[in-house]
There are 6 protein chains.
Amino acid sequence: MERLEHASELLELTESQVAALREPVHIAQESLEVMRDDGTKETLPAYRVQFNNARGPYKGGIRFHPAANLDEVKSLAAAMAIKCAVVDIPLGGGKGGVQFNPKEYSRAEIERVARAWARAFAPVIGIDKDIPAPDVYTNAEIMGYMLDEYEKTVGKSEAGMITGKPLALGGIVGRDTATAQGGAYVLDEIVRALDLDPTKLRVAVQGFGNAGFHIARILHGLGYTIVGLSDSKGALMSQTGLDPEAAYRAKHESDVITALYCSGTVCDEERLSRD
Amino acid sequence: MERLEHASELLELTESQVAALREPVHIAQESLEVMRDDGTKETLPAYRVQFNNARGPYKGGIRFHPAANLDEVKSLAAAMAIKCAVVDIPLGGGKGGVQFNPKEYSRAEIERVARAWARAFAPVIGIDKDIPAPDVYTNAEIMGYMLDEYEKTVGKSEAGMITGKPLALGGIVGRDTATAQGGAYVLDEIVRALDLDPTKLRVAVQGFGNAGFHIARILHGLGYTIVGLSDSKGALMSQTGLDPEAAYRAKHESDVITALYCSGTVCDEERLSRD
Amino acid sequence: MERLEHASELLELTESQVAALREPVHIAQESLEVMRDDGTKETLPAYRVQFNNARGPYKGGIRFHPAANLDEVKSLAAAMAIKCAVVDIPLGGGKGGVQFNPKEYSRAEIERVARAWARAFAPVIGIDKDIPAPDVYTNAEIMGYMLDEYEKTVGKSEAGMITGKPLALGGIVGRDTATAQGGAYVLDEIVRALDLDPTKLRVAVQGFGNAGFHIARILHGLGYTIVGLSDSKGALMSQTGLDPEAAYRAKHESDVITALYCSGTVCDEERLSRD
Amino acid sequence: MERLEHASELLELTESQVAALREPVHIAQESLEVMRDDGTKETLPAYRVQFNNARGPYKGGIRFHPAANLDEVKSLAAAMAIKCAVVDIPLGGGKGGVQFNPKEYSRAEIERVARAWARAFAPVIGIDKDIPAPDVYTNAEIMGYMLDEYEKTVGKSEAGMITGKPLALGGIVGRDTATAQGGAYVLDEIVRALDLDPTKLRVAVQGFGNAGFHIARILHGLGYTIVGLSDSKGALMSQTGLDPEAAYRAKHESDVITALYCSGTVCDEERLSRD
Amino acid sequence: MERLEHASELLELTESQVAALREPVHIAQESLEVMRDDGTKETLPAYRVQFNNARGPYKGGIRFHPAANLDEVKSLAAAMAIKCAVVDIPLGGGKGGVQFNPKEYSRAEIERVARAWARAFAPVIGIDKDIPAPDVYTNAEIMGYMLDEYEKTVGKSEAGMITGKPLALGGIVGRDTATAQGGAYVLDEIVRALDLDPTKLRVAVQGFGNAGFHIARILHGLGYTIVGLSDSKGALMSQTGLDPEAAYRAKHESDVITALYCSGTVCDEERLSRD
Amino acid sequence: MERLEHASELLELTESQVAALREPVHIAQESLEVMRDDGTKETLPAYRVQFNNARGPYKGGIRFHPAANLDEVKSLAAAMAIKCAVVDIPLGGGKGGVQFNPKEYSRAEIERVARAWARAFAPVIGIDKDIPAPDVYTNAEIMGYMLDEYEKTVGKSEAGMITGKPLALGGIVGRDTATAQGGAYVLDEIVRALDLDPTKLRVAVQGFGNAGFHIARILHGLGYTIVGLSDSKGALMSQTGLDPEAAYRAKHESDVITALYCSGTVCDEERLSRD
């Protein structure tokens, strides 16, 4: 907020222009009633913040996280609006979430949460209104449930209402490595601008889920030396360089190492789907 | 919240039933862009909380107040849901508001706020969805603007989408004195139950807007002795009894007394419209 | 228009208020493509003028007449708005028409015109938008076709979208004699106010279709002496009084007399349906 | 069909009129995907036949029965159209069903079937389109689930979209005994027309669910002697007369007798809800 | 069905997966009321089966045939779903039809059938719901009527709601020869795979309507020797080869030969439009 | 009309075909209530004529002009239908307007007129219904207001509902010079066909707003000699040739010359936006 005020002074924005950067156009909060596998019903708070659509339909992910709340989702939605504008995509900014801990829910329960979200927010989303995407602890499979539920609710096919969906439902090739690839492109530009030699650079990657593994793999392929890899459960280090694909296999194939990171298969999958 | 937990223990409610009493089904927050008379634009946060509609369309007022915020509107919406259920009306509970100080706005500006509210929330209100009403600093005139704007937005006549509207637009006779009349009926029942004699009872009324004046007038007519009248600007007291109609005339007709209460005619009208 | 200006001066109306009395809110004109019985297609201009709906849904008849045009329909729609307001019915004013000569069309062709009208204007009519009725050369049967076509177009039952429909489709008893009955009530009030004796009054009725026959019949029953009856083809006169029912039977049952009035059965029916 | 042809010859109906009595206007069949309590998914064929709505919205029950199929539902829908017309109610005729055996499903599973039905057919039902009701093996509780699901799907309150719902959701008093009461009225008229003495008549009732129990109780109250009661599991007979209320209590309260009829509580409830 | 069970065993499909291959998601049957040229009205049963839309909007033709019924249309819809999936087009499978013999109807009557179909099924078809196409005894002209009627019903332009329409209404070049061309491509691949020489192959074509004529013409152009041509009325044979274009001209231009095939011009046209 | 009859005789058109060229499919007229800057309200007649959409959505500009009326707009809509057909664009023809003098309105007032137009006609326009564009005294800025108001009214993003909008809202590069460029292409084709030498041709341009300036500039660049330039306020002439860019700068930058043309900056801008 302080930075916003400072920026608006520098840019000599009117009060009305500042207001458009300070508050979302529309906020919707719904109570999702979800059946647990034991037949009991729970009510989870769910959000969709639509910050600004002057440049096109709202766009932004949906996170499933115990710490998701209205304030967090609002600030993330504002960031999406600015990110889309900065790279000149004809989309606005939005963000959504459900406040619960998916690690404590079965796959069937998570499907029910996803379907409940899509149904509750169906009136305000869609290809020409607001286009969700995966975010923290949501992945292509969850986008697929949301798409299916949305289409059933509105009674028509509309695959473009969500991104990050499975290939079989109209997703695009490369979506899973896109975050890492984007980071690699940016790094590449910086290295070129600074006139550095990639083969002489040493890289440590923090986080070894979807984004972390792929950027390590891509940079390794470009000649960078990967000297460190870490995730929330431990770290690997080697001055002569690590092979990210071998590390990835070790993490997922070896029972021993997997056991270090995570107590079940759900957890492994969620980690891979982090966006 | 504490009381809710206590009550739910006494009633042995399930977790799902408590959740329905704790959180609203749907919350919508909009940024209303309103033009001031000087041509500048302002953005005002506006709310509609739809607490529960298991028993029928949501029902509840809209307040224009600088202290209106999401928390206040939520708790008022919950109260509406319970009030409607207690008296067995087939309606649910809702509440709305706009966070601004109407005393600092001209009548034309307030009309624009009212129209902006109706237009922004048109998709979620209506005779079979959610039926607003006047509340703090909103009155029949404002309901009329909202009705007109709503009908223009949805393209049909639907006078039943709002209550507390002017008689000429389909409002009902007696709406302006209904709050006071209701209070009088309740008091009457209590007095009867306690076997008291109204003519020997002394009454002081706090607040002398729409509700305060009318209940004083009604009780005076029933033989109660009105010994005190007050509003936010002053008070009258008489051990032998006051005539509420005379006091009302004095407040509104005498320039001197009016000046005590309020700096302009807008303010007087708003005071009269308090619900 | 002159009278409007004069009236608005007397009433000190604002320019905006006068404008609302001068121009309709909405005018729609459609080209109806209708198949003749010989398989050729014709295009007929059709209108719906919606003058004012501040007091409720637009209300007014649909005429089938070669002289129906936008100007005529506009002035009739304005008159409807004022008529509804004067008698304090919560309805606005509208009027519609199709420019063609129904006397030159078969019953099946007229059904197709009626259905084409209902389908073309379906988006702007309905129980909460605009409620048509019979007018010159349209009758209960035609309202029935319009109701059926409208319901098929919008996909729901909505008998209240039109008045003057057949009893079997939800019409009300007494609709066919309502115009005459209304005239009789008005006359009765005048006679009472002037303290006259009906049995000493002599009445001549101009027009002997639906309205003319029924008012003659009603007044005859109230003791008035009916000394003259006429329609576009001839007249009857008797100083000692005529029996309207006998005259009606003579007009319709006797081939000779019917032939005087009209060349075919269609024509007879249309005459009966004049409103 | 033979009878239809015979009748149409007697009435000299046109081919088009016979067609309207032979085939429904609209048939919809949906595959309902329903989750069993063990997490597996089943697909059940579901129907809604809308026979004729010339007189008003379609009206007719929904049955849950393993033998429900398109042919049965079609003929029942035709019967509804004729029944409503005969008693001059402004409603058309429809009927629906789901082909499965509710006796093999838990209450939670039946709720899911009911909700799936309401959601699948939501586009073609509603207060002004088609108004369902309970039928074989469906009851007020199931109507309540359908109403709730329909309202969630269309996003508005519309209690009138279904009849036979619980009192708390807007159902009408007397609905549970209406079938029996109607039968009693008809019998009463016949007895009166034949000039018989009820107190000398002996009655045996076949079926002892909702309709059977109540008509036995009502006739008993009117002085008829109830000499026989039977249901699908057994029969009671007494030349001196039975007390239906005592029999009903015995059937439901006594473990021994209940065990004769049914293996669980679900079954008992279904029996009570037969229409 | 047997083959489906066998296949599902081989593929180890779950019961729910088999169900999705066994029954359509949605079936709609309507009674189309159509006016004959003599003014009488007929009621024709019409169908649209929507088998599966998991991969995209339903897609499939509409046939006008006296033998069209629900069972036939269901199995054809299932085939469409599988065909679209096999060639990986993002469309599902559907099929429709009207049960009547178009050879006994005039062109104007067939237009009315086509328009009645489009209007009756308008709520369930559309570019994002279900996209019809020509099939047995329906052609580009009929698709044009359906498109026009659909657009009038929904009130917007949506040329993509149907395929196989006339070029002037947005149809694509090559649609009329596409079936034949597709067959030629497949044959060509087989011939190539078997290492055969087209110029040494002899071809007999069964059927000489749209598909038969064009494949004969295309293969003739590729060097195949066309030794036989036949349709439902006769056959031509020549060991040295036939010229398909000459045969086509002879069939359509010579009165004598035309007379052999067909008793009127309607019939000729229908033959050409077979898909 | 005479020419239409002559043409239809030459082309041997049917009566129905002529009718489609004579009368629009749909005409809508609305009364726009607009607030002036001084707080008073005015009512302006506004039009949208939809001539023919057989080939695709209606397409045509909106003019703000005191002489705009239904007859003018109808004939311009007809011209649009024919123009789109002649150049084989899959669009129909329409035209709209508001009858008022924009030179007497402030920029804020004109914004309110534009928004009122978009809101009043929102039900009949849209990317698949009718696509407006700038015309006399309307420009990209006004299209931007209309787009924004339309999107707010329908609740979705739909930039394609209008053309001639600002680049930032999805407009296309080159739209501002398109009219002039088109004229230059046509002239170029004629010159080529007549085998003339552009460098020897002398050009005088009548009108020096958007179209006039750009065609002068383009032709000048192609080697034509610009000997005359004029607008409604004066003219420039030079046998040796004028530089259009210099003339344009002189007109807009020099106070003296600008004063000749126009009394204020609003007027200059409007002139530039003429289409």
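Residues numbered from 1 in each chain as written. Chains lettered and ligands numbered in written order. Predicted model: local features only at pLDDT ≥ 70, side-chain atom pairs only at ≥ 80, totals over all residues. Heavy atoms only, no water.

Novice: Tell me about the overall build of chain A, and name the residues and values.
Specialist: A count of helices and strands for chain A gives 10 helices and eight strands. Its C-alpha atoms give chain A a radius of gyration of 21 Å, within 12% of the compact-globule value 19 Å for 275 residues. Across its three principal axes, chain A shows a C-alpha extent of roughly 60 × 55 × 35 Å. When burial is assessed residue by residue, chain A has 45% of its 275 residues classed as buried. The contacts of chain A with a sequence gap of at least 6 include a subset with a gap of at least 24, amounting to 65%. When the accessible surface of chain A is totalled, it reaches about 13,400 Å², and 57% of it is carbon and sulfur. (Helix = DSSP H or I, 4+ residues; strand = E, 2+ residues; numbered from the N terminus. Rg over C-alpha atoms; globule rule 2.2 N^0.38 Å. Buried < 20%, exposed > 50% of the residue type's maximum accessible area, 1.4 Å probe, protein only. Contact = heavy atoms within 4.5 Å. Areas by Shrake-Rupley, 256 points an atom, 1.4 Å probe, with all protein chains shown as cover.)

Novice: Please provide a residue-by-residue account of the sheet that holds strand β1 (residues 26–35) of chain F, values included.
Specialist: Strands sit in the order β5(C)-β3(C)-β4(C)-β2(C)-β1(C)-β1(F)-β2(F)-β4(F)-β3(F)-β5(F) across an open sheet of 10 strands; the sheet is mixed. Each edge of the open sheet is held by one strand with a lone partner, namely β5 (130–134) of chain C together with β5 (130–134) of chain F. Looking at each pair of strands side by side, their axes are set apart by 20° on average, direction ignored. As paired strands, strand β3 (residues 58–64) of chain F and strand β4 (residues 93–98) of chain F are joined by three bridges and run parallel to one another. Bridge pairing links I62 of chain F to G96 of chain F in β4 of chain F. The sheet contacts of helix α3 (residues 70–86) of chain F involve β1, β2 (41–52), β3 and β4 of chain F, and relative to β2 of chain F the element is tilted by about 30°. (Pairing = 2+ DSSP bridges. Axes fitted to C-alpha atoms, helices over the stretch in contact; angles between N-to-C directions.)

Novice: Any chance you could break down the interface of chain E and chain F for me, citing the residues and the numbers?
Specialist: Contacts between the two partners involve four residues from chain E and, on the opposite side, six residues from chain F. When chain E packs against chain F, close to 400 Å² is buried across both sides, 41% of that on carbon and sulfur atoms. Linking chain E with chain F are one salt bridge, by the criterion used here. Inspection of the chain E/chain F interface yields one residue pair in polar contact (both at pLDDT 80 or more). A per-class count over the side of chain E that touches chain F returns one nonpolar, two polar and one charged. (Buried area = accessible area lost by both parts, 1.4 Å probe. Salt bridge = Lys/Arg side-chain N within 4 Å of Asp/Glu carboxyl O. Polar contact = N/O pair within 3.5 Å; in protein donor to acceptor, adjacent residues only side chain to side chain. Nonpolar A, V, L, I, M, F, W, Y, C, P; charged D, E, K, R; others polar.)

Novice: Which residues make up the packing of aromatic side chains, and what values do they have?
Specialist: Think of a pair of aromatic rings as described by two things: how far the centres are apart, and how the planes are tilted against each other in angle. Residues and elements named next belong to chain F. Scanning the model with the defined rule gives 36 aromatic pairs over all chains in all. Ring geometry for F213 and Y248: centres 4.0 Å apart, planes at 20°, overall stacked. With F213 in helix α7 (residues 210–221) and Y248 in helix α8 (residues 244–253), the pair connects residues that are 35 residues apart, well separated along the chain. Residue F213 is classed as buried on the basis of its relative accessible area of 7%. The exposure class assigned to Y248 is buried, which follows from its relative accessible area of 19%. (Phe/Tyr/Trp six-rings, centres within 6.5 Å; stacked < 30°, edge-to-face > 60°.)

Novice: Go over unusual backbone geometry, please, and point to the residues and values.
Specialist: Non-glycine residue D88 of chain C carries a positive phi angle of around 60°. Looking at the element boundaries, D88 of chain C is found in the loop between α3 (70–86) and β4 (93–98).

Novice: Summarise the pattern of salt bridges; cite the residues concerned and give the values.
Specialist: Tallying each qualifying case throughout the model produces 132 salt bridges over all chains. Among the salt bridges present, the one from D88 of chain C reaches R55 of chain C, with a minimum N-O distance of 2.8 Å. Within this pair, whereas D88 of chain C is found in the loop between α3 and β4, its partner R55 of chain C is found in the loop between β2 (41–52) and β3 (58–64), the two being separated by 33 residues in sequence. Where salt bridges share partners, they join K41 and R119 of chain A together with E111, R115, D148, E149 and K152 of chain D into one cluster.

Novice: Explain the relation of the copies chain E and chain F to me, using residue names and the numbers behind them.
Specialist: Here chain E sits on chain F after a turn of 120° about the axis and a move of 0.0 Å along it, with an RMSD of 0.2 Å. Taken together, the rotation and translation describe the operation of a three-fold axis. Taking the C-alpha atom as reference, chain E places D128 of chain E closest to the rotation axis, 8.0 Å from it. (Least-squares fit on C-alpha atoms with pLDDT ≥ 70 in both.)

Novice: Lay out the relation of the copies chain A and chain B in plain terms, naming residues and giving numbers.
Specialist: Mapping between the two chain copies consists of a rotation about an axis together with a translation along that axis. Once chain A has been moved 0.1 Å along the axis and rotated by 180°, it coincides with chain B to within an RMSD of 0.2 Å. On the angle and the small slide along the axis, the relation comes out as a two-fold axis. Of the C-alpha atoms belonging to chain A, the one lying closest to the rotation axis is found on A28 of chain A, 2.3 Å away. When you check the interface residues of chain A against chain B, 100% turn up at the interface there too, and the contact is symmetric in its surfaces.

Novice: Which residues make up the interface of chain A and chain B, and what are the values?
Specialist: A common way to state how big an interface is: give the accessible area lost once the parts meet. Listed per partner, the contact involves 15 residues of chain A and 15 residues of chain B. Here chain A packs against chain B, burying approximately 1,300 Å² in sum over the two surfaces, 40% of which is carbon and sulfur. Across the chain A-chain B interface, the total number found is zero salt bridges. Of all the elements in the fold, those that place two or more residues in the side of chain A that touches chain B are α2 (15–22), β1 (26–35) and β2 (41–52) of chain A. In terms of residue count, the dominant contributor to the side of chain A that touches chain B is β1 of chain A (seven residues). Of the strand pairs in this sheet, β1 of chain A and strand β1 (residues 26–35) of chain B are connected by five bridges, and their pairing is antiparallel. In the sheet register, A28 of chain A faces β1 of chain B, and the bridge partner there is A28 of chain B.

Novice: A description of the packing of helix α6 (residues 178–193) of chain A against helix α7 (residues 210–221) of chain A should follow, citing residues and the corresponding values.
Specialist: All names here are of chain A. Viewed as axis vectors pointing N to C, α6 and α7 meet at an angle of 45°, and their least axial separation amounts to 8 Å. With respect to each other, α6 and α7 are oriented oblique. Between α6 and α7 lies a crossing of right-handed hand. Contact with α6, carried on its side by T179, A180, Q181, G183, A184 and L187, involves A211, H214, I215, I218 and L219 of α7 and no other residues of that element. (Parallel < 35°, antiparallel > 145°, perpendicular 65-115°, else oblique. Left-handed = near helix turned anticlockwise from the far one by under 90°.)

Novice: Could you give an account of a nonpolar patch on the surface, with specific residues and numbers?
Specialist: Residues and elements named next belong to chain A. Where nonpolar side chains cluster on the molecular surface, the patch consists of L21, I82, V86, V87 and I89 and spans about 440 Å² of accessible area. Checked against the element boundaries, V87 lands in the loop between α3 (70–86) and β4 (93–98). We classify V87 as exposed; its relative accessible area is 52%. (Patch = residues over 30% accessible without salt bridge, like charges linked within 9 Å, V, L, I, M, F, W, Y side chains within 5 Å.)

Novice: Requested: an account of the environment of A193 of chain A, with residues and values cited.
Specialist: Within the fold, A193 of chain A resides in helix α6. With 79 residues separating them in the primary sequence, A193 of chain A and A114 of chain A have C-alpha atoms 43 Å apart.

Novice: Please give an account of the pairing of strand β1 (residues 26–35) of chain C that cites residues and values.
Specialist: Residues and elements named next belong to chain C. The buried count for β1 comes to seven of 10 residues, which makes it a mostly enclosed element. With 10 bridges joining them, β1 and β2 adopt antiparallel strand pairing. Across the sheet, I27 pairs through a bridge with V49, a residue of β2. Here β1 hands over to β2 after five residues, with G39 in that stretch at a positive phi of 95°.

Novice: Can you tell me about the packing of helix α7 (residues 210–221) of chain E against helix α8 (residues 244–253) of chain E, naming the residues and giving the values?
Specialist: All names here are of chain E. Relative to each other, α7 and α8 sit at 150°, their axes nearing to 8 Å. As the angle between them shows, α7 and α8 are arranged roughly antiparallel. Between α7, through F213, A216, R217 and H220, and α8, the contact on the second element is made entirely by P244, E245 and Y248. Of the residues contributing to the contact of α7 with α8, the split by class is four nonpolar, one polar and two charged.

Novice: Outline the environment of A178 of chain D, supporting the account with residue identities and numerical values.
Specialist: Its location among the elements puts A178 of chain D in helix α6 (residues 178–193). C-alpha separation for the pair A178 of chain D and N210 of chain D, spaced 32 residues apart in sequence, amounts to 9.8 Å.

Novice: Can you explain the environment of R192 of chain F? Please cite residues and give values.
Specialist: Residue and element names in this part refer to chain F. Here R192 lies in helix α6 (residues 178–193). The exposure class assigned to R192 is exposed, which follows from its relative accessible area of 57%. Here the side chain of R192 touches D188 through a polar contact of 2.7 Å, side chain to side chain.

Novice: Provide a residue-level description of the pairing of strand β4 (residues 93–98) of chain D, including the pertinent values.
Specialist: All names here are of chain D. For β4, a buried count of six out of six residues is recorded, marking the element as mostly surrounded by other parts of the structure. Residues of β4 alternate between two faces, with G93, K95 and G97 on one and G94, G96 and V98 on the opposite face, all of them buried. Relative to β4, strand β2 (residues 41–52) is paired through six bridges, and the arrangement is antiparallel. Bridging across to β4, A46 finds its partner in V98. For the crossover from strand β3 (residues 58–64) across helix α3 (residues 70–86) to β4, the handedness is right-handed. (Right-handed = clockwise from strand over helix to strand, strands pointing away.)

Novice: Describe the side chain of R48 of chain A, and please don't skip the residues or the numbers.
Specialist: Residue and element names in this part refer to chain A. Here R48 is to be found in strand β2. The exposure class assigned to R48 is buried, which follows from its relative accessible area of 0%. A polar atom in the side chain of R48 sits 3.3 Å from the backbone oxygen of G61. Reaching out from R48, the side chain makes a polar contact with the side chain of D130 at a distance of 2.6 Å.

Novice: How would you explain the sheet that holds strand β8 (residues 234–237) of chain B if you had to name every residue and give the values?
Specialist: Residues and elements named next belong to chain B. In spatial order, the strands read β6-β7-β8; together these three strands make up an open sheet with mixed pairing. At either margin of the open sheet sits one strand with a lone partner, and together these are β6 (202–206) and β8. Each adjacent strand pair in this sheet contributes to an overall mean axis angle of 10°, direction not counted. Where strand β7 (residues 225–231) meets β8, four bridges bridge the pair, whose relative direction is antiparallel. Note on β8: the bridge partner recorded for D231 is G234.

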